[in-house]
Every structure is written in C-alpha cells, then in structure tokens.
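# Summary of the model geometry
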Amino acid sequence: MTTNTNEIDEIVLAEGVDEEPVEKNRRLFTGPSFVFIATFSALYAGFHMLALNGVSISDWTGIEIPFLPTFPMETWNFRIVHVSGALALGFLLFAARLFPDDEKPETRTLSLIGYLLLIPALLAGYMAVKFAFVINSGTLPEMGGLTTWAAFPGTEIYAQEVRWFGIPLLVATGGAIVLGWFENTHRTRFSTSDVVLAVCGVVVALYLVPIYSTAARNSVGTTFVPIGVAFAATAGTALILELTRRVAGLALVIITGVFLIYTFTAHLLPGILAVQTPYNWQRFFGFVYTDAGILGPTTAVSSTYIILFIIFAAFLQASKVGDYFVNFAFAAAGRARGGPAKVAIFASGLMGMINGTSAGNVVATGSLTIPLMKKVGYHKKTAGAIEAAASTGGQIMPPIMGAGAFIMAEITGIPYTEIAIAAIIPAVLYFASIYFMVDLEAAKLGMRGMREDELPKFKQLVRQVYLFIPIIILIVALFMGYSVIRAGTLATVAAAVVSWLTPHRMGLRAIIKAFELAGVMSIQIITVCACAGIIVGVISLTGVGARFSSLLLGLAEASQLLALFFAMCIAILLGMGMPTTAAYAVAASVVAPGLVQLGIPALTAHFFVFYFAVVSAITPPVALASYAAAGISGSNPMETSMASFKIGISAFVVPFMFFYNSAILMDGTWFEIIRAAATATVGVFLLSSGVQGWFMGGRMAWFMRVAIIAAALFLIEGGWVSDVLGIGGAVAVFFIQKLFHPAPDATFDVRGAD
C-alpha cells in the first residue's frame, strides 16, 4: 500500500485494499511448489463454477474423458468433494504454527516420521479405491435398486475396513496432527505432516463417495452404519477441527469440542441437557458426516452460494474495484467533519457485504482508514472501533449480506429476494446509527474534514462509475427472477468485462489468477462452515435445540421480552469468536426454533438471531473484528471492543424493533413501512445523541441524556402512542437545552486519554 500518512498535504489514494492479507501461518511457495498450489487452487474454484452451472468439459468437446466428474453431481458427492478439496488445499497452505520472524532449523528427523505416516495414509487410500471397484463390479446384491454394502462383524469386508482402512487412516490422521505441532519446515516448502493430512482428506472422500452411493447410505445414524463410515467420519471430523484451528483460531474448536463431549456424556447430565440413552462412537460419527451434520445446511451454502460469491469477490479484486470503492468513498464523504470515519462506514460496508468476514474486512480497509482517523483527531481506540463496527455492518448489508442471506434462505426456505428486501431498513438503521455516532463524536472533538487537495477528484471517479456495473447486474438479475447461481455467474462475467475498460484489463492469465485467489480465499469459510456442521449434527442427533425451545416457551409465559433477551444472550455467546456464517448457523439451530414456537414469524425469528450472531464480532469479551482493528490502531483490544460495542449499540436494539414492528422488515402497507422507517431513524439518532451526550450542537446534562434515550426507545417501539411520546420527549429536551442551558454531565469526556 502506498498511502502517505506523514505528509497530509498529499492526495490520499487507496491502493491495495483488494489484496488478500497473508496470515502468519500461511506458506509462501516459490518455483514448482507455487505452480502446483496455484494450479490446485484455481482448479478447485473453477470446478465449483463449472459444477454450479452444470457445465462439463465433455459437454464442450463432445469427448468423454475418464475420471472427470460429470455435472450436475449428486448432492452428497458434491459436498464431500467440496469439503475434501478445501481440507487438502488448506493443509498444504496453512501451517500448524505461526512462522517466526527468524526461521528455525528444519527438524529432519520429524520430517522422516512424516514420510513414514504416508504409508498408512496411502494404504487407507488404496483400500478405499479397492472398495469402490468392488461396489462398481456388479457382483454385490442389490436392495431397492441400490448396491448393498453391509459390513457386519465377523465378515471379511468388516475386517478389511477395520484393519486395512480404518486403523491406518486414524493412525495417519492423528499422528500427522500431533507431528505438525512440532515439525519445522521453511515457509517456502511443504511440511510432510501437512502432506499426510492433505492425503487423508482426499482418502475420506475416496471412501465416502462410493459408499454413500449404496444402500448403506440409508443406515447412517443407526447402529447398522458401516464401520468404515465411522472411521472415515472420525478422521474427517478431526481434520476439520485441526484446519479450523489453523485458519480461524481456537474459539470455534473449543465450542465444537464442548458439543462433542456433550454428545457422549448427555445421558449423565440432569435437566434439559439430559438424553435417555447414550450414543456410541459408531452411531454418532456415522451420523455427523451426513446431510444432518457436516454435509448439511452450512456446507450446502458454502458449496454453492458462498464459493460463488468468493469467486465474484476475487474477480472484483483482480479488476481493482475495491480500490475504486474506497477512493469513491473518500471523494464523496472525506470533506465532512471526521471525514475518514465516514469513509470507513461507506467503504467498509461495501467491501464487507462482498467478502463475508468482519475481521478480514477490517484488515483490508482499516489499514488505510484507521491511521487517517487517528490523524484527524479520533482516539486510537475509537478509530479502531469505528472500523470494526462498520466492517461488521457489511454482514447485514443487502443484497449479498456476507453470505448470511443465503444460509437463511437455505435453513428457512424463504426466497432469497424476500430476505434481501426485508434487510434493507434494518441495514440502513444500523449504518445511520454508526454515522450519527461518528458525526457526534467529531462534533464533540471539534474535528474538521479533509481538504479538497487531500482527496481523490470526484469528477474523475464519476467517469469510472461503470465499475459498479457488476453489483448492479447482480441486484437486477436477482430481482428479475434469475437463480442466485445464475445471477452470481453473470455478475462475475461482468466484472471481467468491465475490467477491459480499466488499466487492469483481465486476460486469460488474470482470470486464472482470480480463480486461484478464490480458492485460497474460500478455505477459511468452507472450513468453519463444515465445523459448524458438526455442532448442527450434535444438536440434530441429541435434540438439545428442541429442549432450548421448550425453555424459551417457559420463559415466555412469564415475559416475552425476557425470552427474547435470553435468546439474544445465547446467540451472542454462541457467536463469540466465530465467523458470522458459522455463528448464525449454530444459533439458528439452537435459538430460532424456540422463537418460532413462540409464534414469531420465521423471517423475524431468524433475522433476530442473525443480527446478534453478526454483532458478536464487536461484543466483548471475544470480539474478533474489534481485536483485528486494535492490532492496526495500536490500542488495547478490550478497550477497542468496548468502544465498538458502544458505536454499534443500535444493532442490539434493531432486532427488538422489528420484533415489535414488523413494518421494519417490509411487512405492511407502504404507509406503515415509511412511517416505521422514518420514526426508527429519528429514534436511532436520539439514541446516538444520548449515548454520546451531544444534542443539537451542545453537551447534555445526565438527566437529559436519560430523557433523550427514553424518547429514542419510544420512537423505536413503533406504535402511534409511543411515537407521539417519543417526539414529545425529544421536543421537550430540545427546548430545555435551548432555554435553560443545564450544566453538562460532569463526567463528559471531550478527548479521552491517549
């Protein structure tokens, strides 16, 4: 990035916000290794684009090419390959530990152990292929038109699955995971333990794909599931947990581990957590690697919508559209007081909507906006908090909503377009609230905006407004009735075509590079979705979600508001430390069914849960987006998370708004919707004023802050009587402020300690 923040007289231009940040445990290959991993990554992303659009190479050429998949693939097989490819690519790219600044000597003895672990991994792979040939040989009996695969104890197949497939696979998987914690290799080279794990990920798919095409698929979740399926699922689950640790940290792994422990101890627990009969290892793992768990809704979305929009985002990055978005935001909002903060709201909202990760978006845009916010006078913790809150808001910004809308559509069955429309007013309220918060902060601190000569030229940027065309095509195609996959494909093609009008013209090499980038970008989200699928599987098997629902029903008998508050706390707790998609998927399984049983419409219930899953990224004590912003701003992470919680306070109120007033979700007449939107906007402005202690150009006394917050809550509630009370309260506060000039709050902090 070439942004000069020392000489403020120079024009601020965004360069490099499109570049994917390199994690400290990602390998940086060169030479043949780089060519291999780049090819693997591009083929992985390209495979999804072809599969989702039902296009095969054989269709193009008219020639049947052996071993290449034909499309459309069977659903389970497609999802198994989807997860397996991400595991293989992920282990080759991401090391088990962070690379130190000074590389340590390679541990050649441990690397030799890794080569030895390849033997059981390859043996398990050989047996998986052998089983596939047996299944396809036509020598096995059939049941209901499907080949049978019944490996009962005492049979030869059972013994082969245990001795020559299952045990070698678990030895290779477990040994390589442990070895990876100690093995040192140069950052430019493959680690032998990671190669073993990548092979194990492929072996799991080689076994499950043919087995799940037989009648054995009907036995999953029962005691009759083939023993090999349990072995493969156990290895696959361990691989998913280890890769999740590498790409997303320990938080989600620990939460998943708690759910796994619960599965095998639930029969010992009291109250709503108890189950009647214990689950054995074979039954559970034979269940978890199905469409009720790992291959369920979370992977369904990651293998279709999420991967598609990651490819779309990669094409936008390759054509440098992200740089244009940020420069456009600077030109449009940079002159306002506290300009860089308002730029962060605009740019981070646009970028976060597309890339689907709050913390990642903070790193991408915050590296430019946070230093500039500090320069114009924002405290470093406030600068980080503003970027964190704005980036988090991108997850609720239609039409893409960071892939959350697609998961909601998959889980609820509600059409995507209906979800996107319903999200408009809540998203506007969220970003309006952040705008009010940063504007009032700027007013308190007496900040100026950036000068004309410090900013990109608006007239020049307007000439490139065609760079918005891919997003416009996406929105138009969706609302014309095209499928999400077709609309996303058209938008991706448009991104390539639009680039021909810029200096960053996308030729064949750039397109291949975009697919390579998409493959790398997809690893984290695919892995966390698969990990969330483990939790969903536990919830589905044990029925704990239904028991939480009954608890909510019991609370609702005392107070519906109390039940909603409890649901909010559970959704935030489940989401702490987790990416948005995984957080929502888990919360939707535990909390949303209970809200629906309370009589709340499904759309309202899931939006309620989704909002709190999103804002868990800025909720202390575990706030991923805030921690990422603190790393850039140089502030204390906990102080930054507290400040981001304050700035995003409206996000904790908005879900209650659309619960009490469904017009906020576009449910009602146009008059009701407009009135609800208008009064709610005034309400979040008053709420921001009360929180900041600044109203109509002056500081406020403590009792006036309380009064203005109360007026805000009346307006937010949305009824006629409450609106009148809210407006009346605001007017009263205004006249008291102007006529009596009460002394401001003694604890009013103008600048804050640096």
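Right above here is the structure, for reference.
Attention here is on the structure that accompanies the text. The structure presented is a predicted model; accordingly, all values stated were derived computationally and were not measured.

Before going further, it helps to spend a moment on the overall build of the protein chain. Across its full length, the protein chain carries 32 helices and four strands. Its C-alpha atoms give the protein chain a radius of gyration of 27 Å, near enough to 27 Å, the size a compact globule of 754 residues would have. Along the longest, intermediate and shortest principal axes, the C-alpha atoms of the protein chain span 95 × 60 × 50 Å. Put simply, 79% of the contacts in the protein chain that link residues at least 6 apart link residues at least 24 apart. Summing over all exposed atoms, the protein chain offers an accessible surface of approximately 29700 Å²; the carbon and sulfur share of this is 67%. Computing the positive centroid from 40 side-chain charges and the negative centroid from 41, the protein chain places the two 5 Å apart.

Glancing now at a nonpolar patch on the surface. Judged by side-chain polarity, W702, F703, V706, I727, V731, F735, I736, L739 and F740 come together as a nonpolar surface patch covering roughly 950 Å² of accessible area. Elements supplying a minimum of two residues to the nonpolar patch: α31 (702-717) and α32 (720-740). When residues in the nonpolar patch are grouped by element, the largest group, six residues, is from α32. Looking at the secondary structure, you find F735 in helix α32.

A word on the environment of A292. In this structure, A292 sits in the loop between α9 (281-288) and α10 (297-318). Taking the C-alpha atoms as reference points, A292 and V253, separated by 39 residues in sequence, lie 19 Å from one another. Beyond its immediate sequence surroundings of up to four residues, A292 is in contact with F287, V536, G537 and S540.

It is at 9 Å that the axes of helix α17 (residues 424-445) and helix α30 (residues 670-692) come closest, and there the two elements cross at 30 degrees. Between α17 and α30, the angle is such that the two are roughly parallel. Once α17 is placed against α30, the crossing between them reads as right-handed. Contacts between α17 and α30 involve I425, L429, S433, F436, M437, L440, E441 and K444 from the former and I673, A677, A680, T681, V684, F685, S688, S689, V691 and Q692 from the latter. Grouping the constituent residues of the contact of α17 with α30 by class yields 11 nonpolar, five polar and two charged.

Taking 1.5 Å of rise per residue, the 16 residues of helix α8 (residues 250-265) would be expected to cover 22 Å, and the 22 Å separating its terminal C-alpha atoms lies within 8% of that figure. When α8 is considered as a whole, its buried residues turn out to be L252, V253, I255, T256, F259, L260, Y262 and T263. Its buried side turned inward, α8 meets α7 (227-248), α9, α21 (508-542), α22 (544-558), α23 (560-575) and α24 (580-590).

Let's shift gears to the nonpolar core. By size, the foremost hydrophobic cluster in this structure holds 248 residues, and its most contacted members are F165, Y207, Y289, Y378, L595 and F607. For this core, the element with the highest residue contribution is α21, accounting for 18 residues. Excluding anything up to four places from it in sequence, Y378 contacts G338, A341, M373, A383, I386, V438, E441, A442 and M447. Core analysis: the second largest hydrophobic core is formed by 10 residues, A329, F330, A333 and M450 among them.

A few words now on helix α27 (residues 624-633). Restricting attention to buried positions, one finds in α27 the residues A625, S626, A628, A629, A630 and S633. The elements touched by buried residues of α27 are α13 (358-376), α14 (380-393) and α28 (637-647). Once α27 finishes, G634 follows within two positions and takes phi at roughly 80 degrees, a positive value.

This brings us to the packing of aromatic side chains. Enumeration according to the criterion identifies 30 aromatic pairs in this entry. Ring centres of F328 and F468 lie 5.6 Å apart, and the angle between their planes is 80 degrees; this geometry places the pair in the edge-to-face category. Of this pair, F328 sits in helix α11 (residues 321-333) while F468 is found in the loop between α18 (458-462) and α19 (469-479), placing the two residues 140 residues apart along the sequence. For the residue pair F328 and F468, the accessibility class agrees, reading buried in each case.

So, on to the packing of helix α5 (residues 156-180) against helix α6 (residues 192-211). Their axes nearest at 9 Å, the elements α5 and α6 cross at an angle of 145 degrees. Relative to α6, the crossing made by α5 is left-handed. Across the interface between the two elements, E161, F165, L169, A172, T173, A176, I177, L179 and G180 of α5 pack against S193, V196, L197, C200, V203, V204 and Y207 of α6.

This part takes up the pattern of salt bridges. Under the definition given, this model contains nine salt bridges. Two residues, K444 and E441, come together in a salt bridge whose shortest N-O distance is 3.6 Å. With K444 and E441 both in helix α17, this residue pair falls three residues apart, about one helical turn. Beyond isolated ion pairs, a larger network of salt bridges with shared partners links R27, D194, E242, R245 and R246.

Quick look at the side chain of E441 now. For E441, a relative accessible area of 12% corresponds to the buried category. What E441 contacts, discounting residues up to four positions off in sequence, is Y378, T382 and Q692.

So, on to unusual backbone geometry. One non-glycine residue with positive phi stands out, namely M666, at about 65 degrees. Tracing the backbone shows M666 in the loop between α29 (654-660) and α30. We classify M666 as partly exposed; its relative accessible area is 25%.

Before going further, it helps to spend a moment on the state of the cysteines. Simply put, disulfide is the name for a covalent bond between the sulfur atoms of two cysteines. On inspection of all chains with the given rule, the structure shows zero disulfides. A disulfide-free cysteine, C200 has its sulfur positioned 18 Å from the sulfur of C531, the nearest such atom. Taking relative accessible area as the criterion, C200 reaches 0% and is therefore assigned buried. Taking relative accessible area as the criterion, C531 reaches 0% and is therefore assigned buried.

Rules of the game
Residues numbered from 1 in each chain as written. Predicted model: local features only at pLDDT ≥ 70, side-chain atom pairs only at ≥ 80, totals over all residues. Heavy atoms only, no water. Helix = DSSP H or I, 4+ residues; strand = E, 2+ residues; numbered from the N terminus. Rg over C-alpha atoms; globule rule 2.2 N^0.38 Å. Contact = heavy atoms within 4.5 Å. Areas by Shrake-Rupley, 256 points an atom, 1.4 Å probe, with all protein chains shown as cover. Lys, Arg positive; Asp, Glu negative; His and termini not counted. Charge placed at Lys NZ, Arg CZ, Asp CG, Glu CD. Patch = residues over 30% accessible without salt bridge, like charges linked within 9 Å, V, L, I, M, F, W, Y side chains within 5 Å. Salt bridge = Lys/Arg side-chain N within 4 Å of Asp/Glu carboxyl O. Axes fitted to C-alpha atoms, helices over the stretch in contact; angles between N-to-C directions. Parallel < 35°, antiparallel > 145°, perpendicular 65-115°, else oblique. Left-handed = near helix turned anticlockwise from the far one by under 90°. Nonpolar A, V, L, I, M, F, W, Y, C, P; charged D, E, K, R; others polar. Expected span 1.5 Å × (residues − 1). Buried < 20%, exposed > 50% of the residue type's maximum accessible area, 1.4 Å probe, protein only. Core = buried A, V, L, I, M, F, W, Y, C linked by side-chain atoms within 4.5 Å. Phe/Tyr/Trp six-rings, centres within 6.5 Å; stacked < 30°, edge-to-face > 60°. Disulfide = S-S within 2.5 Å.

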